[in-house]
Amino acid sequence: MSSQLYLSGVNRSFDGFKAINNLSLIIEKGELHAVIGPNGAGKTTMMDIITGKTRPDSGEVFWNNDIDLTKVDEAGSARLGIGRKFQKPTVFETLTVEDNIALALKADRGVFATLFDRRSADQQAEIDRLLELVRLSADRDRMAADLSHGQKQWLEIGMLLAQDPELLLVDEPAAGMTDAETMRTAELLREIAGERSVVVVEHDMEFVKALNCKVTVLHQGSVLAEGSLEHVSANPEVVEVYLGR
Amino acid sequence: MLQRLIDRRMGFFLGALFVAVVLIPLGNLVIAGQPVPSYVVALLAKYLCYALLAVALDLVWGYCGILSLGHGAFFALGGYAMGMHLMREIGDRGVYANPDLPDFMVFLNWQELPWFWYGFDSFIFACLMVLLVPGLLAFVFGWFAFRSRVTGVYLSIITQAMTYALMLAFFRNEMGFGGNNGLTDFKDVLGFNLQSDATRSGLFVLAALALTAGLLISKFITTSKLGKVLIAIRDAESRTRFTGYRVEGYKLFVFVVSAMMAGVAGAIYTPIVGIINPGEFSPANSIEIVIWVALGGRGTLVGAAIGAIIVALAKTLLTGWFPEFWLFALGAMFILVTIYLPTGVLGKFEQIVKRKPKPATKEVTA
Amino acid sequence: MRKFLLTILFLLAALPLRAQSFEELLLQLPEGSYSDRAAVAAAIAATGDDRAAGVLEVLAEGNLHILKSDGSIVEIRDVNGDDIAFSALDGTEVGEIGRGDTDKIKVNNGLRRDLRALLGSMSLLNADPNKRAEAAQAVFKDGDPGQIELLDSAIAAETEAWVADLMQEARAVAVLNSDMDTEAKLAAVKVLADRGDQDAKGVLSQFANDEALALPIATALSQIERTQQLWQVGQNVWYGLSLGSVLLLAAIGLAITFGVMGVINMAHGELVMLGAYSTFFVQELIRNNAAWLFDYSLLIAAPVAFLVAGSVGIGIERGIVRHLYGRPLETLLATWGVSLILQQTVRSIFGPNNREVGNPEWMSGAFELGGLTITYGRMWILIFALVVFAGLMLLLKKTAMGLQMRAVTQNREMAANMGIRTGRVDALTFGLGAGIAGLAGVALSQIDNVSPNLGQSYIVDSFMVVVFGGAGNLWGALAGAFSLGVANKFLEPFTGAVLGKILVLVFIILFIQKRPRGLFALKGRAVEA
């Protein structure tokens, strides 16, 4: 099976601080994969490198085995099929919910194509389907700014799905959600996986447990342990740096 | 399509503009006793140029969040391009009666026309330059700035530095644009005497048409999907990038369109006021444009035009009545509008008319 | 040789007791032969009396007379066509005299030469080193080969090295003018080449046609040119540092408000202007009430300006900026409004014209440092800028307020949670930045026109400094100010002042593309996000 994402020997430091230290990680196609680790373990920097926001100092990052992600910018990574969800829900606040989804919809992103774009019936149908999926059909004409925190999280997930990505990078999706919402989110991510690859960065152990997937523990910028949640939980080092606290 | 471009605001404004275009030349040229004096026609035409300039700035600031403090530079460049043509049209009617060189070059003992004046004999060429020169400057400047992600106040400050550098450059006699005095003493445009009432009214109508075109083009852009991308950039630039849009390309597009629009405004302004000089590049002028937009209502296009007209009118009246008071008024306007009127007079007015809080006009933090 | 003996005579006469007073010697002048007269003149010179040089000068010109009526010695001067006699003793006017009222004290060529030599040696051997240096300069200009012996003895007696150098140089000019051998002249060329200034160049080029000397002089001339270019570079660096100190003063307050609070204060230039007007106001008060304090006026004005600008700054922060936190562009616009109001207020009160702010004694004049000309005003401003900078650094690093300010810069929320009253810190920070703008105004009042537009002319430049140096970093402001100042002054000779400035602006605009957060940007994850 070919890999979706391949990181090998990646390094990145900021002013002498090694945020990523010889990190290697493989995400298989269709895999659901959780990344955990204490603050400062390099989780966000890792996502920045994958999405082209930050360039690594050294190391290899490949997409679908052959595309070098270190030469791609944020928009380029999105066009390749990497969708990223921020920790803090980030939506276009002064646009309507429907417009938020419409902008994310897979389409030609060129300036002039966008200028003369007219929405087709298919696209409208896709928007309606996604709004239904994230339960925001009734709020489609409201400004995104007026949504509740949880609704914004859902809207952002809807936007990600609208991009039709091959890989979703999801940063702490459960933050600020109620227990019920958390469980529903885990369920949704499990549904999405298979068809798409999903990487979830998370703190919340209950949530990771609910995902029931392969776990990678990051510590000081490199992989400390990998395997099932039970497997890594049993690792004394992991307990020392993270779980034990 | 028409519905998309002409909403209620736009309809009201264009309607009012149309009435003015009919009545004012009528009052100046046809009705006996000239109820509308010629100087008023010129003054109103000037306001319309300002309005177009304000719309241009609103396009980048109101929608895309780029606060340019250098839009006066694009306006002035358009003005200079037209001014150069008008200088050529003077021909041998200058003080020195030199058929080949403008007066100021004769005065500086220049022997021949500098290369960059070639072509300005042609009106068409000059019109092309009115669009190209500001457009090109905006393209080069924007290409550098947006690509390296200079944003916020940093961008504002370097746009200010840009117009300041141009002002210093145009003050130099060696530049070949008339130095301190700029370009002036124009006689006519396309054979029409600039002093005649008919030409003045003609320019007024032209300014109104340009403003209408500018508003409609801007409306087209902002109501398109691209317009929504611009707002998306303003709201969450990073999210827009991760959604797959190359933000710099969008910014560059709207910045160049806006600069060209400002150039057109300057080109019409020059024959109306009969002079273009380096003072137009001064940073203070460019900041004043911002208050027009802020006062009228950012991100409304029509509001920007109204704001420009209100401020320009206030300036004319106040500097006439109490010259000392004008800067106090302008300064207070800057302070009060930013603190108490974030949606501008248009936003406030509509809020009052609707008698209910506007839905979801979250404070736009550019 | 005679002159040399005369000098010896003079030196001998100078040392022993003053046998006779100036007055007595003066009366002896008309008596005896020319050689007697020379001896008396030498004795007069030896008295060291202040009047000696003047009297001998008059004698050499043939204007010293003896009044027949009372035998006193007078100087005859031509005043508007009338011959008027003045006492040689005290310079008082004796009155108009006719042709037969006096006898001229005669001089011949030999005596005249002796007198010239005496006069030269009097000044070359004067007790005051400055007078000696002056005399050496005079010989340098004159280049009289007759002075060589005198110079030799003066050099031998000289105790101050710098005066001796000047004498050597004067001697070199005299040697070149003399008919001495080529070897001596070559040595002279070398001395002048080492002097390496415009005057040396002038002298040397006069002799460039002399066949024997042509080559060494050409070498010397190019050596001088190199030295001069080096000094020119030094002078440009100095001008650049001077401009940089002004920029630093203007920008440093801006760097604080921008760095700590993320606030662009467009009224900063006007706060500088308020500082300048405070100086004007203080000086006016002093002029009218206590003129003797004038030399201290700047020292009094500095705290006043600091307080005036600082309190206006706190007012701006509490009244306006506070409502706009997190909206930097709105703050920029609102403070621009403030700047317009401040400008117009000052214009209404003080009028639109330039106001005259005087320079105290210690700010006026200039001195030479090698080939550099350094004006005191500029020098003090540079020192002042550095002192203000150092003071601010100390304040930030060593005081509780500084600690709080830095805490708020780095993490506003965290600082607030730890109980720092961020509102108060903001107000004080803004006030501090404004107060420093006021201090900048005091300095600027010394070198620029004090008018309501004063601030406008510095605002773009000071923004450039902050943007170039990197916001929120005082060292950045320091490096930015001085490098922009020096760059400006280095470009000026090639491009002219205006084009140089344009080039610097263009450079900064391009630089920002490369390093969007300036020279000394904080790096790291927090900033990249």
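Quantities reported herein were computed from a predicted structural model and do not represent experimental measurements.

Each partner contributes residues to the interface: chain B has 28 residues there, and chain A has 37 residues. Counting the surface lost from both chain B and chain A, the interface buries some 3,000 Å², and carbon and sulfur atoms represent 62% of this. Three residues stand out in chain B for area buried against chain A, namely Lys225(B), Arg239(B) and Phe242(B), and they jointly supply 28% of the buried area on that side. Counting the contacts that link chain B with chain A gives 4 salt bridges. For the pair chain B and chain A, the number of links is 17 residue pairs in polar contact (both at pLDDT 80 or more). Every element with two or more residues in the side of chain B that touches chain A is listed here: α8 (197-223), α9 (225-235), α10 (237-242) and α11 (247-273) of chain B. For the side of chain B that touches chain A, the element with the highest residue contribution is α9(B), accounting for 8 residues.

On the side of chain C, 40 residues touch chain B, which itself brings 43 residues to the contact. Summed over the shared surface of chain B and chain C, the result is 1 salt bridge. In this structure, Arg298(B) and Glu330(C) form a salt bridge, with 3.0 Å as the shortest nitrogen-oxygen distance. Elements represented by at least two residues in the side of chain B that touches chain C include exactly α6 (123-147), α7 (152-171), α12 (283-296) and α14 (325-340) of chain B. Per-element accounting of the side of chain B that touches chain C gives the leading share, 13 residues, to α7(B). The residue makeup of the side of chain B that touches chain C, split by class, is 31 nonpolar, 8 polar and 4 charged.

All names here are of chain C. Here helix α20 (residues 474-495) crosses helix α21 (residues 497-514) at 135 degrees, and the two axes come no closer than 7 Å. Relative to α21, the element α20 lies oblique. Classified by chirality, the crossing of α21 by α20 is right-handed. Where α20 approaches α21, its residues Leu 484, Ala 487, Asn 488, Leu 491, Glu 492 and Thr 495 are matched on the opposing element by Ala 497, Leu 499, Gly 500, Lys 501, Leu 503, Val 504 and Ile 508.

A separate point is the sheet that holds strand β4 (residues 93-96) of chain C. Residues and elements named next belong to chain C. Strand order in the open sheet made by the 5 strands is β4-β3-β2-β1-β5, with antiparallel pairing throughout. Looking at which strands have only one partner, the edges of the open sheet turn out to be β4 and β5 (102-104). Each strand axis lies, on average, 40 degrees off the axis of its neighbour in the sheet, ignoring direction. In this sheet, β5 lies alongside strand β1 (residues 64-67) in antiparallel orientation, the contact comprising 3 bridges. By the bridge assignment, His 65 is partnered in β5 with Lys 104.

All names here are of chain C. Together, Tyr 296, Leu 299, Ile 300, Val 304, Val 308, Trp 362, Tyr 376, Trp 380, Ile 383 and Val 387 line one region of the surface with nonpolar side chains, adding up to about 830 Å² of accessible area. Going through the elements one at a time, α13 (297-319) and α15 (376-398) are the ones with two or more residues in the nonpolar patch. You can see Ile 300 is positioned in helix α13.

The next subject is helix α6 (residues 129-142) of chain C. Residues and elements named next belong to chain C. For α6, built from 14 residues, the straight-helix expectation of 20 Å at 1.5 Å per residue is met to within 8% by its first-to-last C-alpha distance of 20 Å. Along α6, the residues classified as buried are Arg 132, Ala 133, Ala 135, Ala 136, Val 139 and Phe 140. Burial along α6 is one-sided: seen end-on, the buried residues are contained in an arc of 160 degrees. Exposed residues pointing more than 90 degrees away from the buried face of α6 are listed as Glu 134, Lys 141 and Asp 142. Considering only its buried residues, α6 is in contact with α5 (109-124), α7 (148-157), α8 (161-177), α9 (182-195) and α10 (198-206).

All right, on to the sheet that holds strand β4 (residues 58-63) of chain A then. Residue and element names in this part refer to chain A. Spatially, the 4 strands line up as an open sheet ordered β2-β1-β4-β5, and their pairing is antiparallel. Bordering the open sheet on either side are β2 (17-28) and β5 (67-68), each of which pairs with just one other strand. Pairing geometry for strand β1 (residues 3-14) and β4, over 5 bridges, is antiparallel. Residue Leu 5 lies in a different strand from β4, and its bridge partner there is Trp 63.

Turning next to the packing of aromatic side chains. Geometrically, a pair of aromatic rings is defined through the distance of the ring centres and the angle of the planes. Summed over all chains, the structure comprises 32 aromatic pairs over all chains. Taking the centre distance of 5.7 Å and the plane angle of 85 degrees together, the rings of Phe74(B) and Phe255(B) count as edge-to-face. Remark: Phe255(B) occurs in helix α11 and Phe74(B) occurs in helix α4 (residues 71-90); sequence separation between them is 181 residues. Grouping residues by exposure puts Phe74(B) and Phe255(B) together as buried. Three or more aromatic residues joined by ring pairs make a cluster, and in this case those are Tyr80(B), Trp115(B), Phe116(B), Phe170(B), Phe177(B) and Phe281(B). Between Arg77(C) and the ring centre of Phe86(C), over which it is positioned, the NZ or CZ distance is 4.2 Å. Its guanidinium or amino end placed over the ring of Phe140(C), Arg195(C) lies 4.2 Å from that ring's centre, counting from NZ or CZ.

Analysis parameters
Residues numbered from 1 in each chain as written. Chains lettered and ligands numbered in written order. Predicted model: local features only at pLDDT ≥ 70, side-chain atom pairs only at ≥ 80, totals over all residues. Heavy atoms only, no water. Contact = heavy atoms within 4.5 Å. Buried area = accessible area lost by both parts, 1.4 Å probe. Salt bridge = Lys/Arg side-chain N within 4 Å of Asp/Glu carboxyl O. Polar contact = N/O pair within 3.5 Å; in protein donor to acceptor, adjacent residues only side chain to side chain. Helix = DSSP H or I, 4+ residues; strand = E, 2+ residues; numbered from the N terminus. Nonpolar A, V, L, I, M, F, W, Y, C, P; charged D, E, K, R; others polar. Axes fitted to C-alpha atoms, helices over the stretch in contact; angles between N-to-C directions. Parallel < 35°, antiparallel > 145°, perpendicular 65-115°, else oblique. Left-handed = near helix turned anticlockwise from the far one by under 90°. Pairing = 2+ DSSP bridges. Patch = residues over 30% accessible without salt bridge, like charges linked within 9 Å, V, L, I, M, F, W, Y side chains within 5 Å. Areas by Shrake-Rupley, 256 points an atom, 1.4 Å probe, with all protein chains shown as cover. Expected span 1.5 Å × (residues − 1). Buried < 20%, exposed > 50% of the residue type's maximum accessible area, 1.4 Å probe, protein only. Arc of directions from axis to C-beta. Phe/Tyr/Trp six-rings, centres within 6.5 Å; stacked < 30°, edge-to-face > 60°. Lys NZ or Arg CZ within 6 Å of the ring centre and 35° of its normal.

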